[in-house]
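Chain by chain, the residues:
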Amino acid sequence: MKQQSLNLKFQEYIDIKDMEACSFFKEIYTRCMNFLNGNNHSMILVGKEDMAKSFFFYAFYNHLKKNNNCYFKSIKQESDFLSCENLKEDIIFLDCHNTLYGSKSGEILLFKLFNESKQKNIKVLFNNSIFEEQKPNLKDLESRMSSSLLINFPVLSDEDKKIIILNFLKNRGLILTDQSVEFIINRYSRSLNDLIELYIKLDKISLEQKKNITIPLIKNSTGL
């Protein structure tokens, strides 16, 4: 399942405080802030935890835009992408930038953005999607991207997953007990993407049956 296929729009409301209790938060947040305060022009957030990376990426953007001039774009297809010729922002966030890899015109646009943003002293933060190509065909673009600071997002603990899931559900107006979340984590897929997709399914079932999401409902709906 591709993270972007969920179309959750959680970037509109997720807050950095939602992630502060996670074990990885302090290190990743500190490294991102050091990047912004340092001399590097671009950084790439990488790692296998695609959904969690996106949560943090959106949360970090929402945090920074309160006091900075920021631009955000999630690239699901080439038509979503704009060059930065007319951008006035100081910080650019590009989610799933590697969706453009493999497209000659898309890679040229990304190459152009990279160069122009560097000339304008604009910081660029990329969030790498694990579901897309990992290297561009355009050698000049590959050279530019390889100069970026890499920040590796760690594998999540079960406690980290629970924190993210509970905040995700809270922001959607859903309330689950810790016991219900732990019941699913201990018996279902270890993937955060799969877990959140399951909760969306349970939310729909609970609305149809007009019942709360309880362990009995979970058992009846999933066979766990």
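Before reading further, recall that the structure is shown in the block above.
**Examining the sheet that holds strand E4 (residues 123-127)**
Piece 1. With parallel pairing, the five strands of this open sheet are ordered in space as E2-E3-E4-E1-E5. Each having just a single partner strand, strand E2 (70-74) and strand E5 (149-152) make up the two edges of the open sheet. Neighbour-to-neighbour, the strand axes of the sheet open up by a mean angle of 15°, direction not taken into account.
Piece 2. Inspection of the sheet shows strand E1 (residues 42-46) paired to E5 by four bridges, in the parallel sense. Looking across to E5, one finds that Val46 is bridged to Asn152.
Piece 3. Contacts from helix H1 (residues 25-37) reach E1, strand E3 (91-95), E4 and E5 within the one sheet, and its direction differs from that of E5 by about 170°.
Piece 4. Across the sheet, helix H3 (residues 104-119) lies against E1, E3 and E4, angled at about 145° from E4, the strand it touches most.

**A few points about the nonpolar core**
In a soluble, globular protein the nonpolar side chains are often hidden away together inside.
Piece 1. In terms of nonpolar packing, the biggest core is built from 51 residues, with Phe56, Phe60, Phe93, Leu125, Ile164 and Ile165 touching the most fellow members.
Piece 2. Per-element tally for this core: the top contributor is helix H2 (residues 50-64), with 10 residues.
Piece 3. Ile75, Leu87, Tyr101 and Phe114 belong to the second-largest nonpolar core, a separate cluster that totals 19 residues.

**Things to note about the side chain of Ser148**
Piece 1. In this fold, Ser148 is placed in the loop between helix H4 (139-146) and E5.
Piece 2. Of the polar contacts made by the side chain of Ser148, one reaches the side chain of Ser42; its length is 2.5 Å.
Piece 3. Apart from the residues within four sequence positions on either side, Ser148 is in contact with Ser42, Met43, Ile44 and Phe114.

**Quick notes on the environment of Phe57**
Piece 1. Locating Phe57 in the fold gives a position in helix H2.
Piece 2. You can call Phe57 buried: its relative accessible area is 2%.
Piece 3. Counting along the chain gives 121 residues from Phe57 to Asp178, while the straight-line C-alpha distance between them is 25 Å.
Piece 4. When residues no more than four places from it in sequence are discounted, the contact partners of Phe57 are Leu45, Phe72, Phe93, Leu94, Asp95, Leu125, Phe126 and Asn127.

**Focus on the pattern of salt bridges**
Piece 1. Summed over all chains, the structure comprises five salt bridges.
Piece 2. For Lys66, the salt bridge is made with Asp15, and the minimal N-O distance between the two is 3.7 Å. Of this pair, Lys66 sits in the loop between H2 and E2 while Asp15 sits in the segment before H1; the two residues are 51 residues apart in sequence, bridging distant segments of the chain.
Piece 3. A relative accessible area of 54% means that Lys66 is categorised as exposed.
Piece 4. Measuring nitrogen to oxygen at the nearest pair gives 3.6 Å for the salt bridge that ties Lys162 to Glu159. Taken as a pair, Lys162 and Glu159 lie in helix H5 (residues 158-171) at a separation of three residues, close to a single helical turn.
Piece 5. For Lys162, a relative accessible area of 9% corresponds to the buried category.
Piece 6. Residues participating in the shared-partner salt-bridge network are Glu159, Lys162 and Glu182.

Cut-off values and rules
Residues numbered from 1 in each chain as written. Predicted model: local features only at pLDDT ≥ 70, side-chain atom pairs only at ≥ 80, totals over all residues. Heavy atoms only, no water. Pairing = 2+ DSSP bridges. Helix = DSSP H or I, 4+ residues; strand = E, 2+ residues; numbered from the N terminus. Axes fitted to C-alpha atoms, helices over the stretch in contact; angles between N-to-C directions. Contact = heavy atoms within 4.5 Å. Core = buried A, V, L, I, M, F, W, Y, C linked by side-chain atoms within 4.5 Å. Buried < 20%, exposed > 50% of the residue type's maximum accessible area, 1.4 Å probe, protein only. Polar contact = N/O pair within 3.5 Å; in protein donor to acceptor, adjacent residues only side chain to side chain. Salt bridge = Lys/Arg side-chain N within 4 Å of Asp/Glu carboxyl O.

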